Amino acid sequence: MKDILHEIIKDNGLSQDKVILVGGLAISFYIDLAVSRDVDFALVVEDYQKIQRTDEWGIKTVQYEWGYVDFLNPEHFVSEQHKGNEFISYIKQHRYFKKEGLYVANPEVVFYTRLVVPTWESHISKIIRDLNAGLIGKKDMIFKGIKAIADVFSTRDLINPRLNVLDQFIESYFNDSIKPKYLKGSKT
């Protein structure tokens with residue numbers, strides 16, 4: 001996969017120092033378990049503008065033989081008083097790890113990017129999938145990280161109610177999944 005990621009960056013005239021792998025593949029790299037092969041890169045604004053595709057809600061999608069790559073506009077992850085490039089700089093300074101020469105976002109960044117966009121509800125199942133794949137024990141740490149990012153980029157008023165909804169889904173999913181089969185669906 002490493003060669004494919006480097007090829008994507010090169011083919012699109014990007015610098016690997018200016019992109020951050022986010023999304024499902026970032027989670028897969030973090031937990032070292034293939035939960036998703038979704039390739040999503042958050043880019044600095046100038047590089048995002050280089051991608052010659054239609055912008056749909058801050059995403060430009062490029063199709064390859066093997067699948068799709070989403071390039072994400074960082075302006076969609078910050079409030080109006082911030083610039084998108086601040087988001088990229090912050091992640092590269094505080095909330096990443098390096099894998100195969102690439103900047104890879106920590107789980108709290110991946111979850112934050114999913115929760116801050118207008119289509120956030122469609123990402124709840126991905127977050128539960130990722131938690132179920134090995135991150136449930138880090139849920140509190142991840143939520144704390146999401147809130148810290150929201151504080152930096154003045155999106156806490158947006159994030160808090162969404163985290164509350166997400167937490168209800170998580171509690172329901174994980175509480176139901178640990179009940180013995182004979183109790184599932186039971187009101188006792």
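Calculation notes
- Starting afresh in each chain, residues are numbered from 1 along the sequence in its written order.
- pLDDT decides what is reported in this predicted model: residues at 70 or higher carry local features, side-chain atom pairs at 80 or more are listed and counted, and totals for whole chains, interfaces and linings draw on all residues regardless.
- For side-chain calculations, the full set of non-hydrogen atoms in the structure is used, while hydrogens and water are omitted.
- Buried Ala, Val, Leu, Ile, Met, Phe, Trp, Tyr and Cys residues form a nonpolar core when they are joined through side-chain atoms within 4.5 Å.
- Buried, partly exposed and exposed residues are distinguished by accessible area as a fraction of the type maximum, computed with a 1.4 Å probe on protein chains only: under 20%, between the cut-offs, and over 50%, respectively.
- The helix and strand labels rest on DSSP assignments: H or I over at least four residues marks a helix, E over at least two residues marks a strand, and numbering proceeds from the N terminus.
- The contact rule is simple, with two residues in contact once any of their heavy atoms fall within 4.5 Å.
- We define a salt bridge as a contact between a side-chain nitrogen of Lys or Arg and a carboxyl oxygen of Asp or Glu at a distance within 4 Å.
- What the arc covers is the set of directions going from the helix axis to the C-beta atoms.
- In this description, strands pair whenever DSSP reports at least two bridges between them.
- An axis is simply a line fitted to the C-alpha atoms; with a helix, the fit covers only the stretch in contact. Between two such axes, the angle follows the N-to-C directions and lies from 0 to 180 degrees.
- If an angle is under 35 degrees, it is roughly parallel; if it is over 145, roughly antiparallel; if it lies from 65 to 115, roughly perpendicular; otherwise it is oblique.
- Take the far helix as the reference: if the near one is turned anticlockwise from it by less than a right angle, the crossing is left-handed, and if turned clockwise, right-handed.
- Only Asp, Glu, Lys and Arg are considered charged in this grouping, and only Ala, Val, Leu, Ile, Met, Phe, Trp, Tyr, Cys and Pro are considered nonpolar; every other residue, Gly among them, is considered polar.

(A) Summary view of the nonpolar core. If you look at the biggest cluster of nonpolar residues, it comprises 60 residues, and the most contacted ones within it are Phe41, Phe71, Phe87 and Tyr112. In terms of residue count, the dominant contributor to this core is helix H5 (residues 107–116) (six residues). Setting aside its immediate chain neighbours within four residues, Phe87 contacts Pro74, Phe77, Val78, Val109, Tyr112, Thr113, Ile149 and Phe153.

(B) The environment of Gly67, seen in detail. By the element assignment, Gly67 lies in strand E4 (residues 67–72). Sequence spacing of Gly67 and Glu56 is eleven residues, and the spatial spacing of their C-alpha atoms is 18 Å.

(C) Fine view of the pattern of salt bridges. Per the counting criterion, the structure on display carries eight salt bridges. Across the pair Glu108 and Arg95 runs a salt bridge whose closest N-O atoms are separated by 3.0 Å. With Glu108 in helix H5 and Arg95 in the loop between helix H4 (84–94) and strand E5 (96–99), this pair connects stretches of sequence that are 13 residues apart. In this structure Glu108 comes out as buried when scored by relative accessible area, which is 7%. Because the salt bridges share partners, they merge into one network encompassing Lys139, Asp140, Asp167 and Glu171.

(D) Structural detail: helix H1 (residues 2–11). Within H1, burial applies to Leu5, Ile8 and Ile9. Burial along H1 is one-sided: seen end-on, the buried residues are contained in an arc of 95 degrees. Exposed side chains of H1 directed beyond 90 degrees from the buried face belong to Asp3, Lys10 and Asp11. Against the buried residues of H1 lie strand E1 (19–22), helix H2 (24–31), strand E2 (39–43), strand E3 (59–64), E4 and strand E6 (102–105). Gly13 sits one or two positions beyond H1 and adopts a positive phi of about 65 degrees.

(E) The arrangement of the sheet that holds E1 in detail. Across the sheet, six strands lie side by side as E3-E4-E2-E1-E6-E5; this open sheet has mixed pairing. Each of the sheet's edge strands pairs with one partner strand only, and the pair in question is E3 and E5. Put simply, the sheet's adjacent strands are angled 35 degrees from each other on average, direction ignored. Pairing between E5 and E6: four bridges, direction antiparallel. Considered in E6, the bridge of Lys99 is made with Leu102. Contacting E1, E2, E5 and E6, H2 crosses the sheet at an angle of about 80 degrees to E1.

(F) Geometry of unusual backbone geometry. In the Ramachandran plot, Glu100 falls in the positive-phi region, its phi being about 55 degrees despite a non-glycine side chain. Along the chain, Glu100 falls in the loop between E5 and E6. With a relative accessible area of 34%, Glu100 lands in the partly exposed category. Not every positive phi belongs to a glycine, and Ser154 is a case in point at roughly 55 degrees. You can see Ser154 is positioned in the loop between helix H7 (139–152) and helix H8 (156–178).

(G) Quick look at the packing of H5 against H7. At their nearest, the axes of H5 and H7 sit 8 Å apart, and the two run at 60 degrees to each other. By the angle between their axes, H5 is oblique relative to H7. Handedness of the crossing formed by H5 with H7: right-handed. In contact with Pro107, Glu108, Val109, Phe111, Tyr112 and Leu115 of H5, H7 contributes Ile142, Gly145, Ile146, Ile149 and Ala150. A class-by-class count of the residues in the contact of H5 with H7 yields nine nonpolar, one polar and one charged.

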